[in-house]
Structure formats: C-alpha cells, structure tokens
Amino acid sequence: MEKLKYERPVINKINAGVTDKFGMGHKIPIIQELEGNKISDLTNKYGSPLFVISEKKIRDKYNTAKQAFTTRYPKVQFAWSYKTNYLNAVCKVFHSEGSWAEVVSGFEYDKAIENGVDGKNIIFNGPDKSIADLTKAIKNGSYIHIDHFDELFDIIKLTETVSEKPKVAIRVNMDTGIYPKWDRFGFNYENGEAWNALNRIMLSGKLELVGLHTHIGTYIMAPEAYGVAASKLADLAINVDKKFNHKIKYIDMGGGFASDNTLKGAYLPGKDTCPSFDDYADSITNALINSNLDTQNLPTLILETGRALIDDAGDVIATVLANKRLADGRRSTIIDIGVNMLFTSFWYDHEIYPTKQTGSHSEDTTIFGPLCMNIDVVRSAIKFPLIQKNDNVVIKRVGAYNMTQWMQFITMRPKIILIDTKGESHIIRENETGQTLTAMEKTPTHLT
Ligand SMILES: *Cc1c(COP(=O)(O)O)cnc(C)c1O
C-alpha cells in the first residue's frame with residue numbers, strides 16, 4: 001500500500017458556494033489535457049518542462065483580430081512581429097494566414113526571407129540596421145521604417161550605389177496620453193521632428209515615401225491612445241499630400257494591444273479588464289475614417305500586433321520538484337521551470353493550474369523555479385491545492401516573448417511542441433543539451 005501523504009491542517013474560513021467580491025468562486029480548476037492531448041502523455045513523450053503551442057488558438061485569435069479590423073476599414077494588413085515569437089513554425093502559421101513579417105534586426109530579416117516571405121512583404125523596423133542590412137532591404141523592395149536621422153542619411157547615401165529606389169516610412173513617436181512616452185524610437189510629432197524628416201525625404205527626391213509608422217508602447221490598456229496616434233499620423237499624411245501632392249500607401253499602427261494576462265498588482269484579472277480587438281479597431285478606424293484623408297486613396301491600415309495574438313496560444317507544462325515550508329510557515333512549491341525561461345513572470349501573475357484532482361484544501365502558496373537564485377519566483381502568492389512531487393502543473397498564456405527572451409542559465413532550455421489543428425503534436429524546437437553549449441566553447445591549449 002502506498003504511504004498516505006500528510007497534509008498539514010490549515011484553518012480556512014468556509015466560503016463554500018459563496019463567491020468573493022469579484023463574483024468568482026474559489027474552486028481551482030484542473031487542466032488534464034491540451035488540445036486533446038493528455039498532459040501525462042505529452043510529458044512522457046517529450047519530457048518536462050515542455051512549451052506547448054496550439055496552432056488552432058493562433059489561427060482563431062488571428063482571425064478574430066483580422067475580422068475586428070476588416071469589418072471596420074476597407075484595407076487592412078497584418079505583419080507578424082518576429083521578436084514576439086520567431087519560431088519558424090509559429091511564423092509560418094501567421095504567414096499562411098496572410099500575415100507579412102515585421103522584423104527589427106538583420107537576423108530577423110534573414111529569418112523572414114528563409115521562411116519564404118517576399119521581400120516586398122517585410123517591414124524593417126528598429127534602430128539597428130547595418131549598411132549591409134539596408135542594402136539588402138532596398139534591393140528586395142522591403143519597407144524600411146526609419147528610426148533616426150543617421151539612418152535617413154545612410155539610406156540617401158546608399159542611393160548613389162544601389163539602383164533600386166528605397167521604399168521608406170518613418171517611425172513617429174508622440175504624446176498619446178500614455179506615460180511614460182516612448183520617445184526613444186523614431187521622430188517626435190509634437191516638436192516638429194517628424195515633419196522635418198518627412199520634408200527631407202520628399203525633398204531628397206531619392207526615396208519613395210510609402211508610409212507612416214508608430215508603435216506607442218506595449219500592453220496598452222487604453223484604446224483611446226490609438227485613436228490619438230492614428231489622428232496624428234493621418235494629419236502628417238494629409239500635410240504631405242498638401243505640400244508635395246504625394247499620397248502615402250499605408251498607416252502602420254504598430255502593436256501593443258494587451259493580451260488576457262493579468263499584470264502584477266492588477267486588481268482584476270486581465271481577461272475581464274483588457275480591451276478587445278473590437279475596442280482597439282473602433283478607436284483606430286474611427287480616427288482614420290473621420291479624418292480628412294482622401295477617401296479615394298485611403299491608406300492601407302497595417303497592424304504589427306504581437307503579444308495579443310500569440311500569448312494565449314502558448315502554455316508550459318512543468319513538474320513539481322518539491323514542496324517545502326518557508327520559515328514563517330508559508331507553503332512553497334518548487335517546479336522545474338524558472339524565470340530565465342519565463343521572463344513574463346516578472347510582470348504577469350500567470351495563471352497556474354494543477355493537472356489532477358487533489359485534496360479539497362487550498363492554501364496560499366509561493367511557486368519557485370529550480371534556479372539557485374533568490375529571484376526565481378514564478379508566482380509569489382497563489383491559492384493552490386497541495387500537489388505532490390512529480391505532479392504536473394500548466395502555466396497559461398506564455399506564448400509571447402518567453403520563447404525569444406529566454407536564456408540558458410543553470411538548466412537547459414526544453415523542447416517546444418506545436419499541436420496542429422488535428423491534435424497531432426510536433427517538435428518545433430529541440431531541447432538543448434550540454435553539447436549545444438560546449439560546441440561554442442574553446443579552451444586555450446595551455447589549459448587542455
Ligand atoms: C515589439 C514590437 C511590436 C509588437 O508589440 P506587441 O506589444 O507585442 O504587440 C510591433 N512593432 C514594433 C515596432 C515592435 O518593436
């Protein structure tokens with residue numbers, strides 16, 4: 001007979017059947033499968049921890065977002081933000097839905113080309129573009145979003161040696177009522193710098209001004225801010241048309257829509273408080289449609305939303321390494337994934353679920369990662385049932401940024417699988433091994 005597990009008694013106020021002040025019950029749901037795959041089957045096959053991406057959730061979310069915009073504005077184009085999640089399989093799902101690529105480095109640019117994206121469907125953003133990157137992008141007819149005057153002068157100079165006419169836009173930063181303002185990228189609207197850059201581009205005669213771009217921040221919970229930004233970009237477009245009789249082809253509103261994750265310290269869960277795609281679409285398209293943009297030549301509306309499209313589609317399965325009591329009696333659970341692979345646990349209170357029914361008690365628990373580092377806290381306080389060593393948990397909504405910002409540290413990065421729309425699982429990134437790391441190391445001969 002298996003030895004019974006001792007569960008320390010706790011005194012809890014009885015709230016059975018009573019909802020809390022938010023109208024929510026206290027029962028902690030369990031997650032037994034992901035897209036039709038039993039958790040235990042997945043960990044047996046692929047190990048733990050394991051990142052799991054749902055192709056169906058990506059496609060569904062993308063189509064929800066697309067519909068919100070295409071029902072409100074005649075010309076809409078999405079461009080997948082590579083840095084949010086640049087696993088090839090993930091990018092290819094977005095591209096198969098019609099998404100362009102939005103990249104912010106030469107490495108990401110090459111990745112988009114290797115993923116089969118036509119150079120004419122790549123938007124090249126960011127402050128870091130080398131002369132070689134710019135040359136390649138000009139030759140491929142990609143859209144270069146200029147970040148600063150030094151880059152503008154580089155591109156003008158390149159027209160002496162490259163025969164293709166560069167297709168450019170400028171990134172504009174502005175006051176949208178969101179503080180702190182993101183003013184380190186692009187040209188400022190209020191102080192006239194953006195207008196100055198546009199005049200230089202038009203008067204150079206050497207560049208084709210195709211669009212106007214902004215990306216006002218990330219996890220923006222105020223849709224109105226996008227309306228302000230869209231109005232300011234529309235104003236610039238109208239002024240360019242007035243002064244130079246030149247119509248821009250697109251207005252690119254960037255990304256920054258909030259996902260359903262809950263920010264640390266938020267009073268209510270993200271899924272109850274974050275605006276929907278419809279809210280953002282209303283704000284942006286109202287501003288464009290009510291502006292004085294020429295109705296015969298309405299610019300295409302480009303969206304580079306990242307987080308809000310991919311966060312929900314990613315889960316991570318982890319395993320309990322141990323339970324222990326902290327000195328003050330608090331319960332803590334150590335799991336096999338830490339903050340080096342779950343960067344977003346620094347700013348989100350990620351939802352974490354047990355994968356099987358355990359006792360009826362739940363208790364405030366701190367969930368630690370496996371690192372020998374005090375900061376390795378995945379959830380500082382969560383009501384959790386007592387789960388045991390080797391039990392699994394599922395951490396929700398980890399699809400954005402974790403799989404690009406993660407770093408190898410102390411432990412190896414695990415496998416990532418994609419579950420396709422038929423429920424079949426595929427490895428889309430192998431786990432690291434000691435060999436992966438030592439392959440890059442060199443030992444000077446005197447130490448061998
Ligand atoms: C990161 C980034 C995005 C995506 O931002 P989200 O907040 O994830 O939607 C879009 N455009 C640019 C220029 C970016 O740097």
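On a predicted model such as this, the values are computed, not experimentally measured, just so you know. (Residues numbered from 1 in each chain as written. Predicted model: local features only at pLDDT ≥ 70, side-chain atom pairs only at ≥ 80, totals over all residues. Heavy atoms only, no water.)

Novice: Can you lay out the nonpolar core for me, pointing to particular residues and giving the numbers?
Specialist: A general tendency of soluble globular proteins is for nonpolar side chains to be buried together. With 104 residues, the main nonpolar core has F69, I170, M253 and I284 as its most contacted residues. By residue number, the principal contributor to this core is helix α8 (residues 223-244), which donates 10 residues. Residue contributions to this core reach at least three from each of two domains, namely domain 1 (33-53 + 312-434) and domain 2 (125-305). Ignoring anything within four residues of it in the chain, the contact list for F69 reads V76, F78, F257, F277, Y280, A281, I284, L301 and L303. In this structure, I317, V394, I417 and I419 belong to the second largest nonpolar core, which totals 12 residues. (Core = buried A, V, L, I, M, F, W, Y, C linked by side-chain atoms within 4.5 Å. Buried < 20%, exposed > 50% of the residue type's maximum accessible area, 1.4 Å probe, protein only. Helix = DSSP H or I, 4+ residues; strand = E, 2+ residues; numbered from the N terminus. Domains from an automatic or database assignment. Contact = heavy atoms within 4.5 Å.)

Novice: Describe empty space enclosed by the protein, naming the residues involved and giving the relevant values.
Specialist: Using the criterion set out here, one finds two cavities of 30 Å³ or more in the structure. Volume-wise, the largest cavity comes out at about 70 Å³. Taken together, V172, N173, M174, T176, I178, P180, K181, W182, T214, H215 and I216 make up the lining of the largest cavity. Tallied by class, residues from the lining of the largest cavity come to six nonpolar, four polar and one charged. By volume, the second largest cavity amounts to about 30 Å³. What lines the second largest cavity is simply L34, E35, V52, I53, S54, K57, A313 and D315. Among the elements that make up the lining of the second largest cavity, the one with the highest residue count is strand β3 (residues 50-54) (three residues). Its residues assigned to classes, the lining of the second largest cavity shows four nonpolar, one polar and three charged. (1 Å grid on protein atoms, 1.4 Å probe; cavity = no way out; pocket = protein on both sides within 12 Å on 5 of 7 lines; lining within 4 Å. Points joined across faces, edges and corners; volume = space filled by probe spheres on them. Nonpolar A, V, L, I, M, F, W, Y, C, P; charged D, E, K, R; others polar.)

Novice: Give a description of the site of the ligand that names residues and reports values.
Specialist: Contacts to the ligand come from 16 residues, most closely from K83, T218, G256, E304 and Y401. Along the lines of polarity and charge, the residues of the shell around the ligand split into one nonpolar, 10 polar and five charged. (Near = heavy atom within 4 Å.)

Novice: I'd like a description of the packing of aromatic side chains, backed by residues and values.
Specialist: Scanning the entire structure with this criterion turns up 20 aromatic pairs. Geometrically, the ring pair formed by F69 and F78 is edge-to-face, given 6.0 Å between the ring centres and 80° between the ring planes. Its relative accessible area of 3% is what places F78 among the buried residues. Each ring, one from W100 and one from Y143, has its centre 5.7 Å from the other, and the planes form 25°; the classification is stacked. Placement of W100 in strand β5 (residues 100-103) and of Y143 in strand β7 (residues 143-146) is noted, with a sequence separation of 43 residues between them. For W100, a relative accessible area of 16% puts it in the buried group. Exposure remark for Y143: the relative accessible area of 12% places this residue in the buried category. An aromatic cluster is defined as three or more aromatic residues linked by ring pairs; in this entry it consists of Y62, F69, F78, W80, F94, Y226, F257, F277 and Y280. In this structure, K129 is placed above the aromatic ring of F124, and the distance from its NZ or CZ to the ring centre is 5.7 Å. (Phe/Tyr/Trp six-rings, centres within 6.5 Å; stacked < 30°, edge-to-face > 60°. Lys NZ or Arg CZ within 6 Å of the ring centre and 35° of its normal.)

Novice: Lay out helix α4 (residues 106-114) in plain terms, naming residues and giving numbers.
Specialist: Looking at α4, one finds that the buried residues are G106, E108, Y109, K111 and A112. Considering only its buried residues, α4 is in contact with α3 (88-96), β5, β6 (122-124) and α5 (131-139). Directly after α4, the chain includes G116, whose backbone phi takes a positive value near 90°.

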